[in-house]
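Summary of structural features
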Amino acid sequence: MSDTGRSSTPTVDAPDPLTGRRRPVTVSALVGARLPSWAPYAAGAAAVGVALILKAVFGWEGWGTSFWTAVLVFVIGFTVWSFAVEGRRRAKDRFASTLIYASFVAAVVPLVLILFYIGVKGFSVFSADFFTKSMNGITSRQEGGGLYHALIGTLELVAIASIIALPIGIFTAIYLVEYGRGKFARAVTFFVDVMIGVPSIVAGLFVYTFLLLGFGLRPFGFAGALALAILMIPVSVRASEEMLKLVPRELRESSYALGVPKWRTILKVVLPTAMSGLITSSLLAIARITGETAPLILLVGYTARVNYDPLQGDMATLPMMVWDQLGKRAGTTSSDLTEARAWGAALTLVLLVLILNVGARLLARLFQPKAR
Amino acid sequence: MAKRIDVDDLNVYYGNFLAVEGASINIAPLSVTAFIGPSGCGKSTVLRTLNRMHEVIPGGRVSGKVLLDGEDLYGPGVDPVNVRRTVGMVFQKANPFPTMSIYDNVIAGYKLAGARKHKNELDEIVERSLKGANLWEEVKHRLGRPGAGLSGGQQQRLCIARAIAVEPSVLLMDEPCSALDPISTLAIEDLISELKSSYTIVIVTHNMQQAARISDRTAFFNLPGVGQPGKLVEYDDTAKIFSNPSKKATEDYISGRFG
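Thresholds, definitions, all that
- Residues numbered from 1 in each chain as written.
- Chains lettered and ligands numbered in written order.
- Predicted model: local features only at pLDDT ≥ 70, side-chain atom pairs only at ≥ 80, totals over all residues.
- Heavy atoms only, no water.
- Patch = residues over 30% accessible without salt bridge, like charges linked within 9 Å, V, L, I, M, F, W, Y side chains within 5 Å.
- Areas by Shrake-Rupley, 256 points an atom, 1.4 Å probe, with all protein chains shown as cover.
- Salt bridge = Lys/Arg side-chain N within 4 Å of Asp/Glu carboxyl O.
- Helix = DSSP H or I, 4+ residues; strand = E, 2+ residues; numbered from the N terminus.
- Buried < 20%, exposed > 50% of the residue type's maximum accessible area, 1.4 Å probe, protein only.
- Pairing = 2+ DSSP bridges.
- Contact = heavy atoms within 4.5 Å.
- Axes fitted to C-alpha atoms, helices over the stretch in contact; angles between N-to-C directions.
- Domains from an automatic or database assignment.
- Buried area = accessible area lost by both parts, 1.4 Å probe.
- Polar contact = N/O pair within 3.5 Å; in protein donor to acceptor, adjacent residues only side chain to side chain.

**Brief notes about a nonpolar patch on the surface**
Residues and elements named next belong to chain A. A contiguous nonpolar surface patch, about 620 Å² in accessible area, is contributed by Phe104, Val105, Val108, Val109, Leu111, Val112 and Leu113. Topologically, Val112 is positioned in helix α3 (residues 88–123). On the accessibility criterion, Val112 (48% relative accessible area) is partly exposed.

This is how it looks when you write it as structure tokens:
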């Protein structure tokens, strides 16, 4: 009780077990005074009220100042109230809880708003045609057209990049976890860490210099896929490494103790046990590159036509289509119609990542070790 | 076929750190030998050198000889994989493979090593091993269920079944009962007494009553001081170690007057 600074024994009105009449009863030392359960809501309402009154009094314009005033009044007022009633420790707890909830809201609100906004803006152009037609011959003043060309391009590039990067990433992770010792492994880890921070345009520039300038080529799909693969590898290595580390050492040891060679232990025990995690890690890497734009500007270009061939000619991708439809690409113009198509492409991109995510989660659950 | 083990002046290192110094033990075939001693004295380390499992830890190496029926396990060209097929091991923590069914766990030694066997043969191995581990009656109706769904004691017996399924000559057990309740412990101890008729068994245990109950011979390891290597203090018949040990340190340890 020294914490609260109160020395008198707390009492409370309670019915006497014999007479049934209410009278002050000494409370156990284990019970501390607490704010009622509605206290946070009351404090919140009061804070909003204070902010509204101040807004009226000072004639604040807009809602920003009022909002932050309400937040501030709530945090300070609620903590002080709690300190007065419940004591120092509880007040600190209330204060920390308030901050944590506030951070959670601050993190989630923008996310939800973005998804909601894209959904509202993008859904209006969704139609069967939108997914099956290209933008070929459609001007900025014309209705119709679709993102088929861009969807094909994005899917192809992501698929090629994944085929190149995921095996390299997972094998590197296996090396680091199962075999890597000493200087070389440390060097690999270091360069993977550095590569995670490489800006995507730098990866694009690298491929541009070596492939396009070096061989005198025009932009084509595969070059973009290569740049995406470079961006993907470090993410895949890092995420896969963490998943492989989660496999208990005892499992490897009991496999060795059965006379199973190391490579077969990795193949038959470590990888199956980590499989659901590896699927998740691969998805992280894919999600990282699906919306990538910068290197594609350099390496893949954009076309309104459908181009299935990643080895020849410009290819459209969803992020590049957004860029194009907003009139940001050289030689393009925008209108309400193109803007709506840009939102549609953006929503499709988000949905694509969402579908991949859900699909991978289902797949991962299928591979998860079961207890019964 | 059970084999004999002769350890001759064995030093075990982890990197530059000498973990165990100068251990020599002769283990007869078809016997149970218990390793006892305080934590960190090197008894598990010595056990792991008997099937070259200590090498799994980076920097682990030995000097000296470990002879299995006269053949040096550390001789030139000896493949640790083959050593481990001959000398099986059961660990402290029961660790059935989480991705496998009970059936697959038992035949993991064959399956993981890529041995091709006929289904009938595998069925026989599973039944024989599970019966050998006293688990058959409890799981015969659910062989297809995941091994991780069994109780702790059942999981440990599953691990023993897995170890004996590959028909080793020697079975090493590293504190196999330390995570189990008394009833499961009793089941494992009974099992060890039965397995003795087919295997040479070496068991590390912290439970001295257990060592006294199940072993024929007992080795007492001790740590002379902090930072010093562990040593084999005394190795003799179990009855002698627990009634009339020849070293003072052994007597102090088994009578609880230690440290």
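From this point, things continue past the structure.
**Some thoughts on the sheet that holds strand β10 (residues 230–237) of chain B**
The strands that make up a sheet are held in pairs by hydrogen bonds between backbone atoms, and each pair lies either parallel or antiparallel. Residues and elements named next belong to chain B. As summarised here, the arrangement of the 10 strands in space is β5-β4-β1-β2-β10-β9-β3-β8-β7-β6, forming an open sheet in which the pairing is mixed. With partners counted over all chains shown, the strands left at the sheet margins are β5 (71–72) and β6 (87–90), one partner each. Pairing analysis gives 7 bridges linking strand β1 (residues 5–14) to strand β2 (residues 17–27), with the strands arranged antiparallel. Of the residues in β2, the one forming a bridge with Asp6 is Asn26. The sheet contacts of helix α7 (residues 152–165) involve β6 and β7 (170–174), and relative to β6 the element is tilted by about 170°.

**Quick word on the domain arrangement of chain A**
All names here are of chain A. Taken as a whole, chain A is organised into domain 1 (35–120) and domain 2 (130–367). Relative placement of domain 1 and domain 2: their C-alpha centres are 41 Å apart. With 4 residues of domain 1 in contact, the opposing surface of domain 2 contributes 4 residues. Both sides together, the interface formed by domain 1 and domain 2 hides about 360 Å², and carbon and sulfur atoms give 89% of it. The interface formed by domain 1 and domain 2 holds 0 residue pairs in polar contact (both at pLDDT 80 or more) in total.

**A short note on the pairing of strand β3 (residues 32–36) of chain B**
Residues and elements named next belong to chain B. Within β3, 5 of the 5 residues are buried, which leaves the element mostly enclosed by the surrounding structure. Neither face of β3 is exposed, since Val32, Ala34 and Ile36 on one face and Thr33 and Phe35 on the opposite face are all buried. Across 4 bridges, the pairing between β3 and strand β8 (residues 200–204) is parallel. Within β8, the position partnered with Phe35 by the bridge is Val204. The sheet contact formed by β3 and strand β9 (residues 217–222) spans 4 bridges and is parallel. Counterpart to Phe35 in the pairing with β9 is Ala219.

**Comments concerning the interface of chain B and chain A**
Interfaces are often sized by the amount of accessible area the parts lose when they come together. Taken together, the contacts link 31 residues of chain B with 22 residues of chain A. Carbon and sulfur atoms supply 66% of the area buried between chain B and chain A, which totals about 2200 Å² over both sides. The largest share of the area that chain B buries against chain A comes from Pro98, Thr99 and Leu112 of chain B, three residues that together contribute 24% of it. Summed over the shared surface of chain B and chain A, the number is 1 salt bridge. For the pair chain B and chain A, the interface holds 5 residue pairs in polar contact (both at pLDDT 80 or more). At the level of elements, α2 (80–86), β6, α4 (108–113) and α7 of chain B are the ones that each hand at least two residues to the side of chain B that touches chain A.

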